[in-house]
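Spelled out, the chains give:
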Amino acid sequence: MSTADCEQQETGWGILEDLPGDPMIWVLIFSELVAFGLFLGAFTVARAVHPAVFAAGQAVLDSNLAGLNTVVLVTSGWAAARATRAARTSEKRASRWWLLTAMALGGLFIAIKLAEYAEEIDRGIGLETSPFFTLYFLLTGFHLLHVCLGIVILAVVCRRAEASGVETGAAFWHMVDLVWIVMFPILYLMR
Amino acid sequence: MTDRLDITWIALIGLALATILVPQLVPRPLPGNALLLTFAALKGRRIALDFMDLRAAPALWRGLVSAWILIVVLFAWLASAVIALI
């Protein structure tokens, strides 16, 4: 076996190589999906145990702002998908433009979420107000950290705008989008 | 010509707006929650297939992400059904 064969065998990602972008990002994505899934499961169980407390907490939330944030994040995901397509056809300028759009919309998501937090904190609501708000702040805060991290990753891949890098950044960004899509109705709208 | 990415984006925006309206249009918890979570599952699947590009990936990966979406929404709906029925 040649040295090149050995190196290929050592760095091979097997079936993960069939996914777009760096296989390592998919290891991270699947780990994050498991973590968020468990977190949402814990929220669901806690609601079943304290239905009245959760209904009272949910009534205070601004579901219109969260709904607006869904539209913002979905549009950002679309821009990231367009950036990936442009990068694959070596249209680096277009890819960078779409990535910047995705990042700007990610920034808008953060601004809206922080405005929502400010409104809640103004009403005297905090982490220890009730089990609902403990889980609400932890879940949305954890997600918000991922939005921030996603923007950093998109900014890093934007510099070179190469297909593999953009695919990697966009894949993480779509995971953040996917988690919010499932989290939004569970936290804000379900009764 | 509108392509798949644009169609998916329009579908996601439409479903997001419909989701916001569900609590007013369907006030009963059981069918309302079922509708909310169905919309969430549909949106999640479109994101996985078209934005994450899993449509062209092996079925294993599509299946894993779809299973994640289904497990989370089904668990949430079953728990809400238990609350409503108790």
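### A closer look at the overall build of chain B
Right, so step 1: For chain B, the helix and strand inventory stands at three helices and zero strands.
Right, so step 2: Along its sequence from the N terminus, chain B presents helices and strands in the succession α-α-α.
Right, so step 3: Its C-alpha atoms give chain B principal-axis dimensions of roughly 45 × 30 × 10 Å.
Right, so step 4: For chain B, the proportion of its 86 residues judged to be buried stands at 38%.
Right, so step 5: Intrachain contacts of chain B at a sequence separation of at least 6 include 60% that bridge at least 24 residues.

### Focus on the overall build of chain A
Right, so step 1: Looking only at helices and strands, chain A has seven helices and zero strands in total.
Right, so step 2: Counting from the amino terminus, helix and strand elements in chain A follow one another as α-α-α-α-α-α-α.
Right, so step 3: Projected onto the principal axes, the alpha-carbon positions of chain A cover approximately 65 × 40 × 20 Å.
Right, so step 4: Going through the 191 residues of chain A one by one, you find that 42% of them count as buried.
Right, so step 5: In chain A, the proportion of contacts linking residues at least 24 apart, taken out of those at least 6 apart, comes to 78%.

### Some thoughts on the packing of helix 2 (residues 23-49) of chain A against helix 3 (residues 59-85) of chain B
Right, so step 1: The contact between helix 2 of chain A and helix 3 of chain B brings their axes to 9 Å, and the two run at 5°. Taken together, helix 2 of chain A and helix 3 of chain B sit at an angle that is classed as roughly parallel. Every residue of helix 3 of chain B that contacts helix 2 of chain A at Leu33(A), Gly37(A), Leu40(A), Gly41(A), Thr44(A), Val45(A), Arg47(A) and Ala48(A) is listed here: Trp68(B), Ile71(B), Val72(B), Phe75(B), Ala76(B), Ala79(B), Val82(B) and Ile83(B).
Right, so step 2: Its residues placed into classes, the contact of helix 2 of chain A with helix 3 of chain B shows twelve nonpolar, three polar and one charged.

### What about the packing of helix 3 (residues 51-60) of chain A against helix 6 (residues 131-160) of chain A?
How two helices sit against one another is set out by the angle between their axes and by the gap between those axes.
All names here are of chain A.
Right, so step 1: Interhelical geometry of helix 3 versus helix 6 gives an angle of 55° and a closest axis separation of 8 Å. Relative to helix 6, the element helix 3 is oriented oblique. On the side of helix 3, the interface is formed by Val 53, Phe 54, Gly 57 and Gln 58, while helix 6 contributes Pro 131, Phe 132, Phe 133 and Tyr 136.

### Let's talk about unusual backbone geometry
Right, so step 1: With a phi angle near 50°, Ala161(A) is a residue other than glycine that sits in the positive phi range.
Right, so step 2: Within the secondary structure, Ala161(A) sits in the loop between helix 6 and helix 7 (163-189).
Right, so step 3: With a phi angle near 70°, Asp53(B) is a residue other than glycine that sits in the positive phi range.

### Description of the confidence of the model for chain B
Right, so step 1: Within chain B, residue pLDDT values average 95, and 98% of them lie at 70 or more.
Right, so step 2: Among the prediction metrics, the complex's ipTM stands at 0.96, with pTM recorded as 0.94.

### Regarding helix 2 of chain A
Right, so step 1: Taking 1.5 Å of rise per residue, 27 residues should cover 39 Å, and helix 2 of chain A covers 40 Å from first to last C-alpha, within 8% of that figure.
Right, so step 2: Every buried residue of helix 2 of chain A is accounted for by Ile25(A), Trp26(A), Ile29(A), Leu33(A), Phe36(A), Leu40(A), Phe43(A), Thr44(A) and Arg47(A).
Right, so step 3: Among the structural elements, helix 3, helix 6 and helix 7 of chain A together with helix 3 of chain B are those in contact with the buried residues of helix 2 of chain A.

### Some words on the interface of chain B and chain A
Right, so step 1: At the junction of the two partners, chain B supplies 37 residues and chain A supplies 35 residues.
Right, so step 2: Elements that contribute at least two residues to the side of chain B that touches chain A include exactly helix 1 (4-25), helix 2 (29-51) and helix 3 of chain B.
Right, so step 3: When residues of the side of chain B that touches chain A are assigned to their parent elements, the largest contribution, 13 residues, is made by helix 3 of chain B.

### Observations regarding the environment of Leu12(B)
Right, so step 1: Its location among the elements puts Leu12(B) in helix 1.
Right, so step 2: On the basis of neighbour count, Leu12(B) is assigned to the buried category, with 26 C-beta atoms found within 10 Å.
Right, so step 3: As for Leu12(B) and Ala40(B), which are separated by 28 residues in sequence, their C-alpha atoms are 9.6 Å apart.
Right, so step 4: In this structure Leu12(B) touches Val74(A), Lys43(B) and Arg46(B), once residues within four positions along its chain are discounted.

### Quick notes on the environment of Val60(A)
Residues and elements named next belong to chain A.
Right, so step 1: Looking at the secondary structure, you find Val 60 in helix 3.
Right, so step 2: You can call Val 60 partly exposed: it has 15 C-beta atoms within 10 Å.
Right, so step 3: Residues Val 60 and Gly 106, 46 residues apart in the sequence, show an inter-C-alpha distance of 25 Å.
Right, so step 4: Discounting chain neighbours no more than four positions away, the residues touching Val 60 are Arg 123 and Ile 125.

Definitions and cut-offs
Residues numbered from 1 in each chain as written. Chains lettered and ligands numbered in written order. Predicted model: local features only at pLDDT ≥ 70, side-chain atom pairs only at ≥ 80, totals over all residues. Helix = DSSP H or I, 4+ residues; strand = E, 2+ residues; numbered from the N terminus. Buried ≥ 20, exposed ≤ 12 C-beta atoms within 10 Å, placed from the backbone. Contact = placed C-beta atoms within 7 Å. Axes fitted to C-alpha atoms, helices over the stretch in contact; angles between N-to-C directions. Parallel < 35°, antiparallel > 145°, perpendicular 65-115°, else oblique. Nonpolar A, V, L, I, M, F, W, Y, C, P; charged D, E, K, R; others polar. pLDDT = per-residue confidence, 0-100. Expected span 1.5 Å × (residues − 1).

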